[in-house]
Amino acid sequence: MYQADLKASLCGRLMLRLAVQECTGLKNNEIKLSRSERGRPYVIGRPEVNLNISHAGSYTILAAQINHSDNDLLGVDIMPLKDSRIERTQEFFRIMKRQFTDNEWITIKSWKTDEEQLACFYRHWALKESYVKAVGTGLNIDLRTIDFKIKSPLTPEKTIMDTEVKLDGKPIPWNFEESLIDNHCISVATNNHESMNVISAGLTFLNPKELVSDKLVPLNEIDTSFWELYSKKIEVKPF
């Protein structure tokens, strides 16, 4: 793990607590967070709050539902559309070949340049991740059973909501809201049509200083061992 991962993880935990406060009115010291067997965060004693979080590249993103039913599923993923794999795109695709359907590879390879193909690859990956995170299977599922059909290109300042998906060859009534921010693609997946417009309703951007607000009263005394652990990690990712 790198310093960037630790910082993104910390931001995610602070975002979770701020979101729970906004959704429930609980104070920070009243919030009890835990994780499911699959690592999904949830609020102990508050089943009406549905949370999902993702971090990659320069951003950490959180999606939340309030007053949802037990059948409502929610997943979110974010992926940078560029990284160092651009130098070995085709070899990377060969390794990842079994993660996508033939139709998805046709869409990916339809772009002319390696850079465009890699961006399309990561868009598909974000879609798949948001779905498997919503259903709670993790990447144990055969990703080739999930077949996405992208109908519109991603553009800044516009939410895409017409992407379709098939599971085991059959269309399923899921909603995928996609957005493009600073060369990062975001996918929010939900099976509840009333939960649509998560992104189009407006993303809220927070910087680290805003995350450490007066609402988040410290829960523990300062422990310098955490800083020592952080300092020993590599600062910059090599990819």
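> Lay out the sheet that holds strand β9 (residues 175-181) with the relevant residues and their values.
Pairing within the open sheet is antiparallel, and its three strands lie in the order β5-β10-β9. Strands at the two margins of the open sheet, each flanked by one partner only, are β5 (74-80) and β9. Across the sheet, the mean angle separating the axes of adjacent strands is 15° when strand polarity is ignored. Taken together, the seven bridges between β5 and strand β10 (residues 184-190) define a ladder with antiparallel strand orientation. Its bridge partner being in β10, G75 is matched across the sheet by A189.

> Go over the pairing of β10 with me, naming the residues and quoting the values.
β10 sits mainly inside the fold: seven of its seven residues count as buried. What you see with β10 is no split at all: H184, I186, V188 and T190 on one side and C185, S187 and A189 on the other are buried throughout. Strand direction decides the pairing type here: β9 and β10, joined by seven bridges, are antiparallel. Counted as the bridge partner of L180 is C185 from β10. Counting the residues that bridge the hairpin from β9 to β10 gives two residues, and of these D182 lies at a positive phi of roughly 50°.

> Hey, could you go over the environment of S152 for me, with residue numbers and the actual values?
Topologically, S152 is positioned in the loop between β6 (146-149) and β7 (164-167). Judged by relative accessible area, which is 18%, S152 ranks as buried. Excluding residues within four positions of it along the chain, S152 makes contact with R123, I160 and D162. A distance of 2.5 Å separates polar atoms of two side chains, one belonging to S152 and the other to D162.

> Lay out the side chain of Q3 in plain terms, naming residues and giving numbers.
Of note, Q3 is situated in helix α1 (residues 3-24). Of note is the side chain of Q3, whose polar atom sits 3.2 Å from the side chain of Y230.

About the criteria used
Residues numbered from 1 in each chain as written. Predicted model: local features only at pLDDT ≥ 70, side-chain atom pairs only at ≥ 80, totals over all residues. Heavy atoms only, no water. Pairing = 2+ DSSP bridges. Helix = DSSP H or I, 4+ residues; strand = E, 2+ residues; numbered from the N terminus. Axes fitted to C-alpha atoms, helices over the stretch in contact; angles between N-to-C directions. Buried < 20%, exposed > 50% of the residue type's maximum accessible area, 1.4 Å probe, protein only. Contact = heavy atoms within 4.5 Å. Polar contact = N/O pair within 3.5 Å; in protein donor to acceptor, adjacent residues only side chain to side chain.

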